[in-house]
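# Inside the fold
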Amino acid sequence: MGSVNLARKWIREAAVVTALTGAGISAESGIPTFRGPGGLWKQFRPEDLATPEAFARDPKLVWEWYDWRRTLIAAAEPNAGHAALVQLERARPSFTLITQNVDGLHERAGTRNVVKLHGDLWTLRCTVCHRERRDERTPLPELPPRCECGAPMRPGVVWFGETLPPDAWERAEAATRAANVFLVVGTSAVVYPAAGLIPLAKSSGARVIECNMEETPFSAQVDRAFRGAAGELLPQLVAS
Ligand code: NAD
């Protein structure tokens, strides 16, 4: 049995399927990844903008970057990779999609059970009173946007050096431990703690299947590693 056929059989027979996605699944929707070509905005590296220090230093600059990303994403559409995961959720008795993405494209595609490890670009959070509000306007009329209390708001995402929302992390860990099949899609698997879910899935007994354009630190340890675009690989893997 070919590799794709075997992986498809594992997926078809799994009662519990959990997927972990990263920026690569949205690349075919035209949204730049962090790492790899096209990951630059002006002369800044995302790693230098997605930090609490950068926001404290220059909130307007950080917000300009997020506003640019929000505008790009608002004009983008979910792709065949997102759609294949919707199909998978409908086909399996238990399915959890853990994403590091903040773009909201999984929900827009129609996936219901999404665990957002790194928050959401469309949520704003007050830096003083911590009130949250959903705001989908692009571009935002004022940068930084203001809370009703008058204080500046920040993007409702998790920055480098910050802890993950505890409830999201608990759900992610539980779905990883329970998985018969764990699909890893379009993540460079270097950002922790998210990347730690891959060895956790393996040690909990899941078959781990990776889909990525390039090799990752876990490629040699997973049960199957497919090289290619998520929008081409996933439809093949979930076809019944
Ligand atoms: P990353 O940029 O580090 O890695 C992207 C990975 O996707 C790479 O390994 C690359 O080889 C692979 N890839 C690129 N195109 C692909 C395709 N068409 N099909 C399959 N794989 C493809 O992204 P990451 O691992 O998610 O990094 C973590 C951080 O990046 C997260 O904190 C996340 O919040 C943030 N991020 C999110 C978005 C988004 O929401 N769309 C975009 C950029 C970065």
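The notes below deal with the structure included here. (Residues numbered from 1 in each chain as written. Predicted model: local features only at pLDDT ≥ 70, side-chain atom pairs only at ≥ 80, totals over all residues. Heavy atoms only, no water.)

A separate point is helix H1 (residues 3-13). Listing the buried residues of H1 in full gives Ala 7, Trp 10 and Ile 11. Take H1 and look down its axis: the buried residues cluster within an arc of 95°, on one side only. Among the structural elements, strand S1 (16-21), helix H6 (80-91), strand S7 (181-185), strand S8 (207-212), strand S9 (224-227) and helix H10 (230-238) are those in contact with the buried residues of H1. (Buried < 20%, exposed > 50% of the residue type's maximum accessible area, 1.4 Å probe, protein only. Helix = DSSP H or I, 4+ residues; strand = E, 2+ residues; numbered from the N terminus. Arc of directions from axis to C-beta. Contact = heavy atoms within 4.5 Å.)

Before going further, it helps to spend a moment on the pattern of salt bridges. All told, the structure shown has 16 salt bridges when counted by the stated rule. Linking Lys 9 and Glu 13 is a salt bridge whose minimum nitrogen-to-oxygen distance equals 3.5 Å. Here Lys 9 and its partner Glu 13 are both found in helix H1, 4 residues apart, which amounts to about one turn of the helix. A salt bridge links Glu 132 to Arg 125; the shortest N-O distance between them is 3.8 Å. With relative accessibility at 22%, the residue Arg 125 sits in the partly exposed group. Salt bridges sharing common partners tie together Glu 107, Lys 116, Asp 120, Arg 134 and Glu 136. (Salt bridge = Lys/Arg side-chain N within 4 Å of Asp/Glu carboxyl O.)

Let us look at the site of the ligand. Close contacts around the ligand come from 27 residues, with Phe 34, Arg 35, Gln 100, Ser 188 and Asn 212 the closest. Measuring from a nitrogen atom of the ligand, one finds a side-chain N or O atom of Asp 103 at 2.8 Å. Met 213 places a polar main-chain atom, nitrogen or oxygen, 3.5 Å from a nitrogen atom of the ligand. A per-element tally of the shell around the ligand places helix H2 (residues 24-27) first, with 3 residues. A class-by-class count of the residues in the shell around the ligand yields 10 nonpolar, 12 polar and 5 charged. Domain assignment of the residues forming the shell around the ligand places at least three in each of domain 1 (1-30 + 78-118 + 164-240) and domain 2 (32-75 + 120-157). (Near = heavy atom within 4 Å. Polar contact = N/O pair within 3.5 Å; in protein donor to acceptor, adjacent residues only side chain to side chain. Nonpolar A, V, L, I, M, F, W, Y, C, P; charged D, E, K, R; others polar. Domains from an automatic or database assignment.)

Following the sequence through the fold, Glu 132 ends up in strand S5 (residues 132-134). Along the primary structure Glu 132 and Met 153 are separated by 21 residues, whereas in three dimensions their C-alpha atoms are 8.7 Å apart.

From the geometry alone we can't say anything about function, so treat these as descriptive.
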